[in-house]
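# Coordinate analysis (summary)
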Amino acid sequence: MARRQFLWRAPQRLLLAPLIFPILALSVDVLQFVDPLIGSTSGGNVFAGATKPYALAKPVADVNGQNTGGFATDGSSITGFSAVHDSGTGGNPSMGNFPLFPQLCPGDEVNNCNLLIGERATHYVDDSVVARPGYFEVDLVSGVKATMTSSEHAALYRFSFPVGNGQHPLVMLDLTDLWQSRQNATISVNPDSGRLTGNGTFLPSFGAGSYVMHFCVDFFGGEVFDDGVWVNNRGGTEPKDLFVTRGFNLFFLEAGGWVRFSNLANDTLTARTGISFISVDQACQRAEDEIPEPLDDFDKLVASTEDAWREKLSPISVDAGGASEDLQTSFWSGIYRAMISPQNYTDENPYWNSGVPYFDSYYCIWDSFRVQHPLLTIIDPSAQVQMVNSLLDTYEHEGWLPDCHIDCLACGILADTLMQGGSNADVVLVDAFVKNLTGIDWQLALKAIIQDAEVEPLEWAYHGRGGLQSWKDLLYIPYLDFDPAGFGTNSRSISRTLEYAYDDYCLATLAQGLGRDDLYAKYVSRSANWQNLWKPEQNSIINGNDTGFVGFFQPKYQNGTWGYQDPIACSALASFCSLTTNPSETFEASVWQYQFLVPQSMSTLIALMGSEESFIQRLDFFHTSGLADISNEPVFSTVYLYHYAGRPGLSTKRLHTYIPASFNSSPGGLPGNDDSGSMGAFVVFGMMGLFPIAGQDVYLISAPFFQAVNITNPMTGNTAQIKTIGFDSSYENIYVQSVKVNGQPWTKSWIGHAFFREGWTMELVLGNQESEWGSQLEDRPPSWGEAMA
């Protein structure tokens, strides 16, 4: 097929000497602006409990309502307190293994206690919830107070019982997880110390297979009165060991262990839970090493965790300039949530230990590659390097780069999780490359991404790409593809075509950077394959009314004839589409949404849509008609696409329609699942005034939400400064009038990562009307364009 060059504008490096301005100092503790309860209801599914950055241990109260992240401020009842969780996930509730539950048994009789999940569920006192970095507290209406904190691999709880209760308080452990996926489990009760040990086999919350987790619970501050195991709603002091299976048919067998206590000091019992994916011995040893003096270590753990979070947040400082506390809280809490997951499971991988840090609980890279990982590249590059090396190490041992590794150690071996679209780890690797992160084997990265691009796995639903023969021969993924080489959900032909095209563009970028011009030519050509699904005459009708826009992506059969998917299908104006229940030719979104997802070739896309004005009209219609779902990560970049049409001011204007309307500091202050901090990262970039195009050395410039922002690179020590003239906290002056970088005029509407790495200074003059800044063709973001003749 003949092709013609459309447009290519390469990024340019600024060769100017930076002018150094004083670093803005914070006079307050930024932790006061971190609220873990943002997104704790209305589908945010955040983890609201105590954790260190990227840590395995994550204790919080578990509820029987919106419990995907464990706890929710939805007024539901607490069923236990467990030590491991994921944050911001969708689908089935994730982890929450081996919950403890404290209670007083009526008549001081074990069999009068409420052992089953449905029976023991107890409301919490609404205004009793306290959540801050490293600490969580809640009161039950039963009179029991629970406070908790954590180390890297262990949780520490304090359970305070009503004063003078005259009973023997009981703490039970349930051999379950949040969505009762347990297949089998064991527990042993030490009759003298009350130590509870055991393990269980569980299912990942998104995918197939299973994982094994081990636990070790010790109690302090009282004497053991008696102990034993329980099954269904009855307990006994014998035996002390128990093995349970799943149960029979739909009947889930509930079981676990229990311990009762006497002579509690101050009516308070301390419990320490160690968790490991390796063994019970490792769970116990981790807990003993990290929390050696449980009765004295609680406040020390809280303080050390607070210090750890202060250090992680320290690269950024702001001069709020009158910006509201709500906005500041959204900003700092967004940074905080971006460093909860993925989780550092180093030395907890049961399948290999190569000495490379091992990270897991990516949920999912399809969500996080767009803004979360680019944010970590700026504020925590050493952690991002570790994650990239972990992805490559996983490739070396499993044969493929992962996408969704979720609560399922070594998913490619025992617990496969589902691919949502493209091979998205490719973008994470290339984003790190173009931003000059060091300590990464880039030849290995090239090899891993080429494998995704060229070799089809037998089960491409779990890793890699599917339909590669058609991709190479037809230059698109066909509707109802004939693909005997591998197997997966035979759907998403439009979204996979778009994502594979960008994956190939990223591969071309890496190849070119490594001097492989032969590979660059091959894959940059394939990155234009998305154009083969553009149907120029396709229109879109909503409720019988023609929108007036012509030209949309449509599915295409192998023989080259067109299929059909209503452009509004899988949107809020039609019905939700799920990969696992009702898959379509676009993943979790409409053709209307996917039409804008060509980050490598925006100039070509604008030309296909007719003109810059037509492109802007489409963006406006998309964002104002109910078609745009800002809770879905692919929509993030569409907020800023006005830059590519020479109207960067409209990007800032559009952003202000979402912040704070959809993103604020309330418990329901997220529009959807936080997805490992992706929603928070979107807020951070928006308020900072720079938005990343993942996989490219490009940040789109917009007016910040603060008067000034400083970002110190933790690896180079250089400080990037964003300053404004004409800033007003009522946000009338949201339009950039002019920009200077290092004291020199800067007409481009974008800038590269050298701004952060080398510590440049950007000064933006703001006004209340659009200006000509960033409007010229040569000042727009780079766009590789190859249009098919």
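The present account deals with the structure reproduced in this document. On a predicted model such as this, the values are computed, not experimentally measured, just so you know.

The terminal C-alpha atoms of helix α3 (residues 294-313) lie 28 Å apart, and with 20 residues this matches the ideal 28 Å at 1.5 Å per residue to within 8%. Along its length, α3 shows its largest kink, about 30°, at lysine 300.

Within the largest apolar cluster, 160 residues are counted, with the highest numbers of intra-cluster contacts made by Ile316, Trp332, Phe615 and Ile751. With eleven residues, the top contributor of residues to this core is helix α11 (residues 493-513). Leu115, Trp230, Leu269 and Ala271 belong to the second largest nonpolar core, which has 67 residues in total.

Next up on the list: the state of the cysteines. Within the structure shown, the criterion is met by four disulfides. For cysteine 216, the disulfide goes to cysteine 284, at an S-S distance of 2.1 Å. Judged by the sign of its S-S torsion, about 100°, the bond between cysteine 216 and cysteine 284 is right-handed. One end of the pair, cysteine 216, is in strand β13 (residues 211-220); the other, cysteine 284, is in helix α2 (residues 280-290), with 68 residues separating them in the sequence. Cysteine 284 sits in the buried class, given a relative accessible area of 6%.

What follows covers the pattern of salt bridges. Per the counting criterion, the structure on display carries 28 salt bridges. With a closest N to O distance of 2.8 Å, lysine 312 and aspartate 380 form a salt bridge. Taken together, the residues lysine 312 in helix α3 and aspartate 380 in the loop between α6 (372-379) and α7 (381-398) connect sequence positions 68 residues apart. Classification of aspartate 380 by relative accessible area gives buried; the value is 4%. With a closest N to O distance of 3.1 Å, arginine 526 and aspartate 504 form a salt bridge. Of this pair, arginine 526 sits in helix α12 (residues 517-526) while aspartate 504 sits in helix α11, placing them 22 residues apart in sequence. Assigned by exposure class, arginine 526 and aspartate 504 land together as buried. Overlapping salt bridges, with partners in common, bring together Asp426, Glu454, Arg465, Lys472, Asp504, Lys522 and Arg526 in one network.

The next point concerns the sheet that holds strand β9 (residues 154-160). The strand order across the open sheet formed by nine strands is β6-β7-β8-β9-β20-β13-β12-β11-β16, and the pairing between neighbours is antiparallel. Every other strand in the sheet has two partners, leaving β6 (130-132) and β16 (241-245) as the edge strands with one partner each. Taking each pair of neighbouring strands and ignoring which way they run, the sheet shows an average axis angle of 15°. Of the pairings in the sheet, the one linking strand β8 (residues 145-150) to β9 comprises six bridges and is antiparallel in character. Across the sheet, the residue bridging to threonine 147 is arginine 158, located in β9.

We now examine unusual backbone geometry. Backbone torsion omega between glutamate 238 and proline 239 reads 0°, so that peptide bond is classified as cis. Tracing the backbone through its elements, the reader meets proline 239 in the loop between β15 (234-236) and β16. A cis amide bond, omega 0°, links serine 341 with the succeeding residue proline 342. Within the secondary structure, proline 342 sits in the loop between α4 (325-337) and β22 (343-344). The backbone of leucine 475 sits at a positive phi, close to 70°, despite the residue not being glycine. Inspection of the secondary structure puts leucine 475 in the loop between α10 (468-473) and α11. The residue serine 676 is not glycine, and still its phi comes out positive at about 60°. Within the fold, serine 676 resides in the loop between α16 (648-655) and α17 (678-688).

Parameters at a glance
- Residues numbered from 1 in each chain as written.
- Predicted model: local features only at pLDDT ≥ 70, side-chain atom pairs only at ≥ 80, totals over all residues.
- Heavy atoms only, no water.
- Helix = DSSP H or I, 4+ residues; strand = E, 2+ residues; numbered from the N terminus.
- Expected span 1.5 Å × (residues − 1).
- Bend = angle between axes of the 7 residues up to and from the residue.
- Core = buried A, V, L, I, M, F, W, Y, C linked by side-chain atoms within 4.5 Å.
- Buried < 20%, exposed > 50% of the residue type's maximum accessible area, 1.4 Å probe, protein only.
- Disulfide = S-S within 2.5 Å.
- Salt bridge = Lys/Arg side-chain N within 4 Å of Asp/Glu carboxyl O.
- Pairing = 2+ DSSP bridges.
- Axes fitted to C-alpha atoms, helices over the stretch in contact; angles between N-to-C directions.

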